[in-house]
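What the coordinates show
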Amino acid sequence: MTRDVLTILNRPSRDAAAHLPGAPAWHFADPQSAQVSALDLGATRGDGIFETISVGDGFPQALEHHLRRFVKSAAALELPEPDLDAWRAAILATIAELDPVAESFVKTVLTRGIEGDGRPTGWAYGAVSGDFTEQRTRGIRVVMLDRGYRRDVEQSSPWLLAGAKTLSYAINRAAVREAVRRGADDVIFVSSDGVVLEGPTSTVVFRRGDTLLSPGTGLGILDGTTQANVFRYAQSLGLETAFELATPQTLLAADAVWLVSSVRLAAPVRELDGQKLAIDAVLTAGMNEYLRALRD
Ligand code: PLP
């Protein structure tokens, strides 16, 4: 039984030298033993990027969208550009080595490597997913928290890296702990000037009548791969889809709200800032069926 797999890239970017000249593009390593140097900037400064890709019955889902976002995040941090051929090969090798289960995931990590060395560190880690049945069916309780940035942070302060998927997720984890202190499970961030942004690990989607909506990009938030697929599913049902700025009030007045992300997929919000929200059980089940069955 191989329930988790670690694959280390020899040369994560063609713009930097290989770690082992002449060695294969990737090799498996023991995920339970130390592999990354204590001097790696990913560990010491959170200076790196990642992606988490859902795997359904052995097929990576939204792989090309994830890889595009990986390259975009690398550019935002001025990291050497990921060699996507090497990353694709490492991801597929990781999946092939994992137990064939219905739901697993692969996390790709690219760090700036050891200070002064110039070679980035890269690995893909695959594991069997947890069971998210409860969150997908019963729903989650969410609180809205001020992120402290204006909606135009991406344009006004690009050095804050809003909208890049960096390893610096300590703030996102702290926000979830704050939600738990407030008796909730998860968070929706709101900009300091009052618009709905995203969750710490998810995209906000909401329904108004026959239209499925999401805040869209350009707000210092991630371009969600799951949101894109949820919109495709909605369109296949004949629903309208649109990007629209929302305020907390818009969400409280919506017909249904979800947090959508890789791995957990579509989690309906059953309570928002203490107010009960209706769950659209049929649409939610349809979304999750669709997302689970994706084969690319
Ligand atoms: N927003 C943030 C901050 C995230 O970390 C994530 C995923 O981890 C998402 C949105 C959702 O992205 P995706 O649907 O591609 O997993």
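Residues numbered from 1 in each chain as written. Predicted model: local features only at pLDDT ≥ 70, side-chain atom pairs only at ≥ 80, totals over all residues. Heavy atoms only, no water.

We now examine the domain arrangement of the protein. Domains assigned within the protein are domain 1 (4-128) and domain 2 (133-292). Listed per partner, the contact involves 22 residues of domain 1 and 19 residues of domain 2. Interface of domain 1 and domain 2: buried area, both sides summed, is about 1,700 Å²; carbon and sulfur atoms make up 58% of it. Sorting the residues of domain 1 by area buried against domain 2 places Phe 50, His 65 and Arg 69 first, and these three jointly supply 33% of that buried surface. The residue Glu 103 makes a salt bridge to Arg 136 at a minimum N-O spacing of 2.8 Å. At the boundary of domain 1 and domain 2, one finds 13 residue pairs in polar contact (both at pLDDT 80 or more). Of all the secondary-structure elements, those providing two or more residues to the side of domain 1 that touches domain 2 are helix H1 (41-45), strand E3 (48-56), helix H2 (63-76) and strand E5 (103-111). (Domains from an automatic or database assignment. Contact = heavy atoms within 4.5 Å. Buried area = accessible area lost by both parts, 1.4 Å probe. Salt bridge = Lys/Arg side-chain N within 4 Å of Asp/Glu carboxyl O. Polar contact = N/O pair within 3.5 Å; in protein donor to acceptor, adjacent residues only side chain to side chain. Helix = DSSP H or I, 4+ residues; strand = E, 2+ residues; numbered from the N terminus.)

Right, let's talk about the site of the ligand for a bit. Near the ligand there are 16 residues, and of these Lys 165, Tyr 169, Thr 225, Thr 226 and Ser 262 occur at the shortest range. Tyr 169 has a polar side-chain atom sitting 2.6 Å from an oxygen atom of the ligand. Thr 225 is positioned such that a nitrogen or oxygen atom in its side chain is 2.7 Å from an oxygen atom of the ligand. Burial of the ligand by the surrounding chains reaches 95%, relative to a free accessible area of 390 Å². (Near = heavy atom within 4 Å. Areas by Shrake-Rupley, 256 points an atom, 1.4 Å probe, with all protein chains shown as cover.)

This next bit is on helix H7 (residues 225-236). The end-to-end C-alpha distance of H7, which contains 12 residues, comes to 17 Å, matching closely the 16 Å that a straight helix rising 1.5 Å per residue would cover. The buried count for H7 comes to nine of 12 residues, which makes it a mostly enclosed element. All buried positions along H7 are accounted for by Thr 225, Thr 226, Gln 227, Ala 228, Asn 229, Val 230, Phe 231, Tyr 233 and Ala 234. Against the buried residues of H7 lie H2, strand E9 (203-208), strand E10 (211-214), strand E11 (240-243), strand E12 (256-261) and helix H9 (281-293). Of the residues trailing H7, Gly 238 is marked for its positive phi of about 90 degrees. (Expected span 1.5 Å × (residues − 1). Buried < 20%, exposed > 50% of the residue type's maximum accessible area, 1.4 Å probe, protein only.)

All right, on to the packing of aromatic side chains then. As enumerated under the stated definition, the model contains six aromatic pairs in all. Between Trp 26 and Phe 28 the ring centres are 5.0 Å apart and the planes differ by 55 degrees, which places this aromatic pair in the tilted class. Using a relative accessible area of 36% as the deciding quantity, one classes Phe 28 as partly exposed. Pairing Phe 70 with Trp 87 gives two aromatic rings, centres 4.9 Å apart and planes at 80 degrees, and the pair type is edge-to-face. One end of the pair, Phe 70, is in helix H2; the other, Trp 87, is in helix H3 (residues 84-97), and 17 residues separate them in sequence. Using a relative accessible area of 1% as the deciding quantity, one classes Phe 70 as buried. Its end group placed over the ring of Phe 50, Lys 107 keeps NZ or CZ at 4.8 Å from the ring centre. (Phe/Tyr/Trp six-rings, centres within 6.5 Å; stacked < 30°, edge-to-face > 60°. Lys NZ or Arg CZ within 6 Å of the ring centre and 35° of its normal.)

As a further point, take the packing of H7 against H9. Contact pair H7 / H9: the axes reach a minimum separation of 10 Å and the direction vectors enclose 115 degrees. Comparing the axis directions of H7 and H9 gives the class roughly perpendicular. Here H7 runs over H9; the crossing is right-handed. Taking contact as the criterion, the partners of Thr 226, Asn 229, Val 230, Arg 232 and Tyr 233 in H7 are, on H9, Leu 283, Gly 286, Met 287, Tyr 290 and Leu 291. Considered class by class, the residues forming the contact of H7 with H9 number six nonpolar, three polar and one charged. (Axes fitted to C-alpha atoms, helices over the stretch in contact; angles between N-to-C directions. Parallel < 35°, antiparallel > 145°, perpendicular 65-115°, else oblique. Left-handed = near helix turned anticlockwise from the far one by under 90°. Nonpolar A, V, L, I, M, F, W, Y, C, P; charged D, E, K, R; others polar.)

On to the environment of Val 257. Tracing the chain through its elements places Val 257 in strand E12. Spatially, the C-alpha atom of Val 257 lies 28 Å from that of Asp 57, the residues being 200 residues apart in sequence. When neighbours within four sequence positions are excluded, Val 257 is seen to be in contact with Val 204, Val 205, Phe 206, Leu 251, Ala 267, Pro 268, Val 269 and Leu 277.

Read across the sheet, six strands follow the order E2-E1-E6-E5-E3-E4 without closing on themselves; strand pairing throughout is antiparallel. Whereas interior strands pair on both sides, the edge strands pair on one side only; in this sheet they are strand E2 (26-29) and strand E4 (59-60). The pairing of E3 with E5 spans nine bridges and is classified as antiparallel. Pairing of Ile 53 across the sheet is with Val 106, part of E5. This element, H2, spans E3, E4 and E5 of the sheet and lies at about 175 degrees to E3. (Pairing = 2+ DSSP bridges.)

So, about the pattern of salt bridges. Once their charged atoms are close, side chains differing in charge can pair, the charge on each being opposite to the other. Counting across every chain of the model gives 22 salt bridges. Residue Arg 141 is joined to Asp 185 by a salt bridge in which the shortest nitrogen-to-oxygen separation is 2.8 Å. Taken together, the residues Arg 141 in strand E7 (residues 140-146) and Asp 185 in the loop between helix H6 (170-181) and strand E8 (186-190) connect sequence positions 44 residues apart. A relative accessible area of 32% places Asp 185 in the partly exposed class. With a closest N to O distance of 2.2 Å, Glu 289 and Arg 292 form a salt bridge.

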